[in-house]
Every structure is written in C-alpha cells, then in structure tokens.
Amino acid sequence: MDKPHSGGEYRYIGKRIPPLDAYEKVLGAAEYTFDLEIPGMFHVKLVHSEYAHARIKSIDYSKAIRVPGVVSVITGRDIPYRVGIYVGDRDLLAIDKVLWIGHPVAAVVAENLRAAEKAAELIEVEYDPLEPVFSVEEALRENAPILHENLDKYRRLPAFNPKPGTNIANYFKLVKGDIDKGFAEADTIVRGRFKLPYISHAYMEPQVVIAWYRYSGDIEIWSSAQSPFAVRSLLSLSLDIPAGKIKVNVPYIGGGFGGKAGLGWEALAAMISRHVGFKPVKLMLSRAEQFKSAPVVPGMVAEAEMGLSRDGRIVAYRAKFLFDSGAFADYTVNISRTAGYACAGSYDIPNILCESYAVYTNKVPTTALRGFGHPENHFVLEHMIDMAARELDQDPVKIRSRNLLKPGVSTTGTGVRLREDAGNPQLVLERISDLLDWTTPEVDPERPWVIRSKGIALSVKGPSQPPNASSSAIVKFNEDASVDVMVGTSNFGQGTVTGLAMMVAEAFGIPLEKVHVKPLRSTDASPYTWQTVGSRGLFTDGLALLEAIEDAKRKIKKIASQALKVDEDHLEIADGKVYVVGKPWISIPLEKIVMGYQFPDGTSVGGPVIGVGRHIAGLTTYLDPETGQGNPTIFYTFGGTGVEVEINILTGEIKVLKAVQVYDIGKAINPLLLEGQAIGGFVMGMSRALYERIIFDEFGSVANPNFSFYYVARAKDAPDNYLIEFVETPQMDGPLGSRGVGENVMISVPVAIANAIYRATGVSIKELPITPERLVKAIREQRPDLFEQAFKAYIDSMV
Amino acid sequence: MATITLKVNNVVRRVEVEDNEILLDVLREKLHVKSVKAACWRGECGLCTVMLNGKPVKSCLVLAVEADGSEIVTAEGLSGRPGELAPIQKAFIEHAALQCGFCTPAFVVVAHYLLTKTRGKVEREEVKEYLSGLICRCTGYKQIIDAVMDARKHYGGEG
Ligand code: FES
Ligand code: FES
C-alpha cells in the first residue's frame, strides 16, 4: 500500500477505529457455536473416568439406555481412532485404558441434554486400577508406569522427538557455543529452580461443536475452534476422510487464547453423529468439564543456571524445562520445543544449552495458551537476570541493556543472524524504564509495612508454526464497489479483522463501511489459512491480503486502461476512483469498473474483479535435531512490561498500581484495538501471576473446577493506570511494516511482578501464583528481618 | 410441568417448563433468546444476567416457575426500541470495550442498570466493584470501566 489516499496521509491506518463487529456484540446478536441449533439435533453428554490410571474392565449402560429420550451410548471401542496436531496421541473416548480422572469413557446421546445428563449418571464402569504418576519427576523415574505404550506408533510431525518406552512425549535440545567453556569463564553463577502450576484458559464460551455426518459421507462441522482448516485436515488425516468431503464452519468465537487451536472435540462429535444414524449432534462442555476433561495449560518445573562476567555480560546459560503435559501432549510437544528454542529471550548469549521435555502424567491433558513456551521460559530467564543484577550489584535495566540482541549484528539462540529490521529492543527497554520512571523502591510513610516497588521484564516472540505454514486471501468487489474481504483467519476479538478491513479501505480509498468481512469462516468458502494462532493473523493473512489487493488493482487498471485508452502504468487508484497519473481530472469511479466497463454504445470489457493473494512462511526451517539450530520463525516482536506494585509485607497482598507495556510492532495499524490487547494481556498475565492455579488432590482429581475456587481477575482487581506505547521500527516484509503482538502482551507480565517484589525485598519468588500466603512465607524465610521490622512498625502504628 | 408467561424484550411468551428448570435454560433453549449467555451455570460468572422486573438477576440461579408473570429484558431489548442502542451500548462500541463479545450482553445489562439506578452519579471505584460479579477474560476491564464512566452523562451524571 505505497499509495495512501490523495491527501498523502493515511485515512484509516493508524487511526483509533472501534471493532467492526461491535454493534452485533453489544446487542447480543453475534452468533456463537454455543447459540446454534439444528432442527432434530441430538445432545451429547460425556461420562468420565473416576480413576487416574486404570484398565476398563466393563462398561454397563443398560440402565442409561432406558432413560426416556436417550438414543444411544457410545464407548471408545466403537470409535478407536487417535487424533492430534503434532503427535496423534489422543483417543476420542478411552480405549481400554483411562489416563486421568475426567478422561471421557463413554458418550450418551439423547433428544435433550437433561435426559443425556440423567443417563450419564447411570452408567457403571468397572476398572482395574493401575499405578498412576502425577508429577514429571515421578513420570521420568526409571520404572515409572508408562501411559502410552504405543508411543512409537503414533503419527507425528518430523519436528518432534518422543522417547518410546518412557513417558517423554518430546525432547528438544538447543546447543549454541560451548557451554562448559562458557561457565568456566564466568565470574559469577546464579541458579534457580522454578515452578509453574497447571492453569485454565478460562475462555468464556465453552468448547462446543455440532457435527453432522451425512449419508453421502460428507461431514459438516460447526465449532468454537480457532482454526477451521486445521480441524479439517486433522479430521481428514485421523478419520481417513478426503478433506473435500469435510466442511468446517466457525462463527464468532467466545475466546480461545490458544485453547481452541488444533483439533478439539470435532472428531468425536462427527463419529457420534454417524453412530446415531447420520443425525446432527451437539456436544458442549460444562465449566467443570473445561477444568477436568478439556485440555488445560501445562505446568512446568525448570532449573536454570546463568554465568556472567564481572561487568555483567551473560556468558553462559543453561536451562532445563520439564512440561507436565498430562495424559496427552498433541499440542504440548510444541510448547516444550518452543520453550527450548526461544530460551535465551532477547539476549545475545554466546554459550547456551537448553533442554526441554514434554512429559506424560495421569492428569488432565494440556494444550497451547497465548504465547506458549514463552511465558514459561521468560519467567525463568527474566528473573535470573534480576538475580544476576543483584548478585553483581548492577541495575536490572543496565544489565539487560548490556546483553540485548543487536539487530543486524547478533545471532539468536538458534544461530540465525538477527535481521536489521527485526525491531529495536534497546529503544523498547529505554521506553519502558522511562515510562515506568525507574526509581528505587520506597516505603509508604503512612504504612511503613507497605513497600512500593517497580519491576521490569522483556520479552521476544514470533509465531511457532511449521516451516511451510501458509495463508490466502480474496478481495471480491460487489456492484456498488463495496468489497467482500475473504480471509481464513478467525475472529475471537483480537482486532485482526478490523485491521484487515482498514487495509482494504485504505488501498482503494473507499469508506470503511463499504468493506465487509463476514463473521463466518468456512473451509469451503473461506480461503485457506493454516491456523489463527501465534500472533500470526495480521502478519500472514495481512500479507496475503495485500497481494490480493495488488491483484485486484492490476485487474481494475487493466479494465480502466481499455476504458480510458491510457496505458495501465499511467493509472492509479485512490478515493474510490481510477485516475490518470498527473491528470487527476480524468478518472472513472470504481463502480463503473468492478463488474466490467460498459462503453456508451453498449459494448463492454473486463468483468467482475476478484483479487487473490497468498503467503507462505518461506525462509523458516526445521531445527537441527541435535542442536536446535535453524530459523524457527517469520518475525520477532520485541517488547516488555514494567509494573509498579504495592507489597504488603505483613499480609502478602500485592496491588498493581501502574502497568507499562511497550512493544515494537513495526506499525500500529489500529492503536485503539492494540491498547485493548495490551490491557487484556496485562490483566491475564497479572491474574496468572497472582491467582490462578488448578489444584489436584492426592488422587489426581481437579479440586477447584469452578470460578469460585479457580479465581480469575475481576474488574476490582484490574489496574486503571496504564502507559502503553508502540515502537514502530518497520519490518520490511511485514504488512505495512507491522508485526504480530496478540500474545506478546502477556508473556512478561508475571515475571515483571515477581521482579518488582524481588527488587524491593530481595525475596525471590520462583513459583506461581504469588498468593498472599506464599509471599508471606517467602518473606519470613528469606527476609525475616524485613518481616519483623514491618510487624514492629505496624504495632507501633496501633499505639 | 407448568405453563408460565413471560414478557421477554417486550414480547409475550408462554412456555411449558419443568418444576426444576432454570430460567436461563428456558430463555436459551425453549424461547431461543440467545442474547443471554452463560459460562458457569452456578452463579459465578454473571454472564447469564438479565433484567427481571427491573432488577438484574443471574438467570442460572432463578427457577423458571418463579419468574412466571415477570418481565425480562436482555441486551437486545435494552434500549426499549428494537435495533436501537442504549447509550451504554454506544459507549462500549466507542471505547472498544469488548473483544470476543461473549461477556458483552451481560456487561451492558448490568452497567445500564447501575447507571439508570444512580442517574449516572457513580464513581470509578463503585463501577469496578459493581461489575466484579461478572467475568471478562479478554479485555482486562479498563475499557469497560471507561465506557461506563463516559456514558454517565447520558444517564444524568457528569460523564
Ligand atoms: S451462568 Fe449464571 S452466573 Fe455463570
Ligand atoms: S470480551 Fe471476551 S470475555 Fe469479555
């Protein structure tokens, strides 16, 4: 889009434009899969395992089937398929063996949900219990019980490396330089052991799917899924059905955050539909099932070691990440891989050894969440840097500055020279510390047991996707020169769709109201995109769209050149018209061109204009299986978070007073919606830092499967004071110079909060969430003097 | 089984319900009123909130039979004029106070009630407290609160 409209300035790009779908949403008129019904559809209720690890001896559904309204009960043996995106390790319903409490063992199908629910309770399953494993440490023991005996037989993508005969679903190793030499040269070494809990995506619309397997062998799916094309291809692969016979529809999505990427329950619903006589069925999870049966977010334990020279150069970094993938790791294998290859974050470290595992345990399976692998590896890395700064008595900002990757100069952890136009991490760091006003912590003079402190953490991330991931886009003109924009990327509120529409309006100089992006994505009507994940949507689908715009422009100019008898090279398009360059008074409105041009005598040329464009990752590679070296991603977005928090030393309560978010996104296409991402990502990160954890009881059962005991941030917890800034270092091959950011905004939030606590108190918190109890305990252990002092001040204030 | 009468967004509806059926299910499943959402079915997320005789209630906690004879308003009926928006809905659009939009119908209903009840005279902290019965996982709340604060002027407050 080299040509802004005739005024020379952008009319839409860079402007604060509300989301195009907001009108429907404020009325509650936007339709989600949750809302859809098909006449005559049946409802499905799942029956879950009550054992963490057991063989199924028998399933007796004789009572259930007699409940009025019940039409069928299906068990794993009826549909013995395995599915999964990176590793095909998931069953549709447990086949012979259950792997966690909550594992679906049977599906009841009924005319209404109430009947299905009633019948589900009457199903009797007999089990032969097996020894379970609940932690990665146990699962890695020599003689640990094995969850997946047939691991070597599962379909998998070549980037993944399971260890058959063990519980290791994936092993990844990143090797750069000489780690032993690096540590030998270090003047100081800091070490840490970190732990992150299992958490829930807590998207508001539950996972829900309607499937209709037809007599013709065609399958139609409606699903609350992020990636209709991935759903189609995985259904096709695992059920052995030609892709062209499967249609996946995705209307509005009530939140996904990665948890609805890849394949959900679509294969199960499709097979149930077939099983009940080719009738449509709807399968929707309850909130409790979202915690107990649906994939949640893996826990992690990590150990890390960082070696530095006296002057604060990081000379060696070693880390080991153990991801607790639960019973299935179809997506989590890629979380472990990503945490490994991106372990060095924004820093230029000459000697690196990062190992990363995804490990099966008898707990609820896991999947991607916003930025996966990065919130985890940054929680480790960014806190280690603060530990090193304290050890060396250096400023956390300065030590970061000294070690930052230099675009055009440095090589990344995976051995790629960082491109010149990759962004400006130094400026990002500078802006965060300026906006945060990087002063030293202070004690509240009124309440001396309360300390105010500031913390900082950086992040860098690009999409973690297969090297050949691709996208496409279509711009299709209507009679009134309005445009239907057809893209594959899904809409769960990220703002991508509005940004894309703005690009089209800008390119043709037409009002935004004349650009239509329909809410429905469908695999037979929308152009292909691999997935809507990884902050890739605006970048990859945006590039495809720009190519489609150019294609449409070429076609328009060709028609106009015949109409005006002027060479195509002498035409330009702006303000909804085709102009002759240098003679703007000679023009034709687009309306007269886009369905073909008609001469005064009635003859005509051209025809309806449709522009087509595409994008493929291109230069990304598989990573070397021994060293992890290679080019993993199509762009990097540098950024980071600064926080000011209030810490109550006596109660352990943390209050966020101020949040700074700075990201180098190349070009801010819509600052209003970008701020929405930065704020939403901050609060999600803060909620993860302070509140969120799935608790398992001693039997491996989720003890808090609801929003009373799994607390997510509410309005009263959220800060008001934000300073958000977007640095604009253009990415030469990005759409209008832009980069993705939807996930980045959450990555550095938890560790920035931990760093603020550390800075003021010297109390290092290496485990989330930072609950008041955990913080008070840590303060009393690590800084009893501080606690005593605060306590004394409190007592003094009483008298 | 009982037959109840409800006035939903100004339209009279009669429907057969079971004694233990919740209002939420009757609205969504039997009357196909989809502008009511749900995310927990146990009173924790607030997304099933509707106006029942002028007061916000969580419709998953109300038995349908108890609502017999009452008037129910949801987001689509909030302005009282079909297809038109209440001021709070316009403010939500302007402030981009929504992302996935799944929570939005409940937030606008509750915010509209608060602004109407207080005639727009309400402070930021009160708004935050009042809206804390609802969950939004996407927005981080700030733009929602901003929208409510900004809409106060249309309800008699200062804005
Ligand atoms: S569905 Fe009623 S409060 Fe959540
Ligand atoms: S906008 Fe998605 S839950 Fe609020």
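Residues numbered from 1 in each chain as written. Chains lettered and ligands numbered in written order. Predicted model: local features only at pLDDT ≥ 70, side-chain atom pairs only at ≥ 80, totals over all residues. Heavy atoms only, no water.

Draft legend 1. Structural context of the sheet that holds strand β21 (residues 483-487) of chain A. Residue and element names in this part refer to chain A. Here four strands make up an open sheet; going across it, the order is β22-β21-β20-β29 and the pairing mixed. Edge positions in the sheet fall to β22 (515-516) and β29 (610-616), since each of these pairs with one other strand and no more. When strand β20 (residues 470-477) meets β21, the two strands line up antiparallel, connected through five bridges. By the bridge assignment, A473 is partnered in β21 with V487. (Pairing = 2+ DSSP bridges. Helix = DSSP H or I, 4+ residues; strand = E, 2+ residues; numbered from the N terminus.)

Draft legend 2. Summary view of the layout of surface pockets. The calculated volume of the largest pocket comes to roughly 1,000 Å³. Around the largest pocket, the lining is made up of 37 residues, and of these A:L113, A:R114, A:E117, B:D25 and B:E29 lie nearest the centre. Mapped onto the lining of the largest pocket, the elements with two or more residues apiece are β1 (42-48), α2 (113-120), β14 (281-284) and α7 (287-292) of chain A together with α1 (23-30) of chain B. With five residues, α1(B) is the single largest residue contributor to the lining of the largest pocket. Taken together, the residues of the lining of the largest pocket break down into 15 nonpolar, six polar and 16 charged. (1 Å grid on protein atoms, 1.4 Å probe; cavity = no way out; pocket = protein on both sides within 12 Å on 5 of 7 lines; lining within 4 Å. Points joined across faces, edges and corners; volume = space filled by probe spheres on them. Nonpolar A, V, L, I, M, F, W, Y, C, P; charged D, E, K, R; others polar.)

Draft legend 3. Just empty space enclosed by the protein, in detail. Residues and elements named next belong to chain A. Scanning all chains against the criterion turns up nine cavities of 30 Å³ or more. Taken as a whole, the largest cavity holds about 600 Å³ of empty space. As for the largest cavity, its lining consists of 38 residues, of which Q494, T496, S535, Q677 and G742 are closest to the centre. Among the secondary structure elements, those contributing two or more residues to the lining of the largest cavity are α12 (496-508), α13 (537-564) and α14 (671-690). With three residues, the top contributor of residues to the lining of the largest cavity is α14. Each residue belonging to the lining of the largest cavity can be placed in one class, and the counts come to 13 nonpolar, 20 polar and five charged. In this model, the second largest cavity occupies a volume close to 170 Å³. For the second largest cavity, the lining is made up of 17 residues, of which Y341, A342, G345, V460 and Y636 are closest to its centre.

Draft legend 4. Up close: the domain arrangement of chain A. Residues and elements named next belong to chain A. If you check the domain split of chain A, you get domain 1 (22-30 + 470-616), domain 2 (33-130 + 207-284) and domain 3 (299-405 + 414-465 + 621-793). On a C-alpha basis, the centroid separation for the pair domain 1 and domain 3 is 39 Å. Taken together, the 19 residues of domain 1 in the interface contact 24 residues of domain 3. Surface buried jointly by domain 1 and domain 3 totals about 1,500 Å² across both partners, of which 68% is contributed by carbon and sulfur atoms. Inspection of the domain 1/domain 3 interface yields zero salt bridges. Mapped onto the side of domain 1 that touches domain 3, the elements with two or more residues apiece are α12 and α13. When grouped by side-chain class, the residues that make up the side of domain 1 that touches domain 3 number eight nonpolar, ten polar and one charged. (Domains from an automatic or database assignment. Contact = heavy atoms within 4.5 Å. Buried area = accessible area lost by both parts, 1.4 Å probe. Salt bridge = Lys/Arg side-chain N within 4 Å of Asp/Glu carboxyl O.)

Draft legend 5. A look at the pairing of strand β2 (residues 11-17) of chain B. Residue and element names in this part refer to chain B. Two elements, strand β1 (residues 2-8) and β2, share seven bridges in a ladder whose sense is antiparallel. Note on β2: the bridge partner recorded for A2 is V17. Between β1 and the antiparallel strand that follows it, β2, lie two residues; N9 among them carries a positive phi value of about 45 degrees.

Draft legend 6. Structural context of the state of the cysteines. Residue and element names in this part refer to chain A. Summed over all chains, the structure comprises one disulfide over all chains. With a sulfur-sulfur separation of 2.2 Å, C343 is cross-linked through a disulfide to C354. Residues C343 and C354 share a disulfide whose torsion about the S-S bond is about 90 degrees; that sign makes it right-handed. In this pair, C343 is assigned in the loop between α8 (332-341) and β17 (351-360) and C354 in strand β17, connecting sequence segments eleven residues apart. Both residues of the pair, C343 and C354, count as buried. (Disulfide = S-S within 2.5 Å. Buried < 20%, exposed > 50% of the residue type's maximum accessible area, 1.4 Å probe, protein only.)

Draft legend 7. Quick look at the packing of α14(A) against helix α16 (residues 749-761) of chain A. All names here are of chain A. Contact pair α14 / α16: the axes reach a minimum separation of 7 Å and the direction vectors enclose 55 degrees. Comparing their axes, α16 and α14 come out oblique. Regarding α14 and α16, the two cross each other, and that crossing is right-handed. Residue-level contacts link G681, F682, G685, M686, R688, A689 and L690 of α14 to V749, P750 and I753 of α16. For the contact of α14 with α16, the residue count by class is seven nonpolar, two polar and one charged. (Axes fitted to C-alpha atoms, helices over the stretch in contact; angles between N-to-C directions. Parallel < 35°, antiparallel > 145°, perpendicular 65-115°, else oblique. Left-handed = near helix turned anticlockwise from the far one by under 90°.)

Draft legend 8. Looking closely at α2(A). Residues and elements named next belong to chain A. Residues of α2 that are buried include every one of A115, A116, A119 and A120, and no others. All buried residues of α2 lie within an arc of 135 degrees about the axis, which places them on one face of the element. Lining the buried residues of α2 we find β1, β3 (70-75) and β7 (104-110). Two or three places before R114, at the opening of α2, N112 has a side-chain oxygen 3.2 Å from that residue's backbone nitrogen. (Arc of directions from axis to C-beta. Polar contact = N/O pair within 3.5 Å; in protein donor to acceptor, adjacent residues only side chain to side chain.)

Draft legend 9. Looking closely at the environment of A:K655. Residues and elements named next belong to chain A. Locating K655 in the fold gives a position in strand β31 (residues 654-664). When the C-alpha positions of K655 and Q531 are compared, they lie 37 Å apart, and in sequence the two are 124 residues distant. Dropping the residues within four chain positions of it, K655 is found in contact with E644, V645 and E646.

Draft legend 10. Layout of the sheet that holds β1(A). All names here are of chain A. Ordered in space as β3-β7-β1-β14-β11-β12-β13-β23, the eight strands form an open sheet in which the pairing is mixed. At either end of the open sheet lies a strand with only one pairing partner, and these are β3 and β23 (521-522). Sheet strands in contact with helix α5 (residues 228-239) are β12 (219-223), β13 (246-250) and β23, and its direction is about 150 degrees off that of β13. Across the face of the sheet, helix α6 (residues 266-275) comes into contact with β1, β3, β7, β11 (208-213), β12 and β14 while running at roughly 40 degrees to β11.

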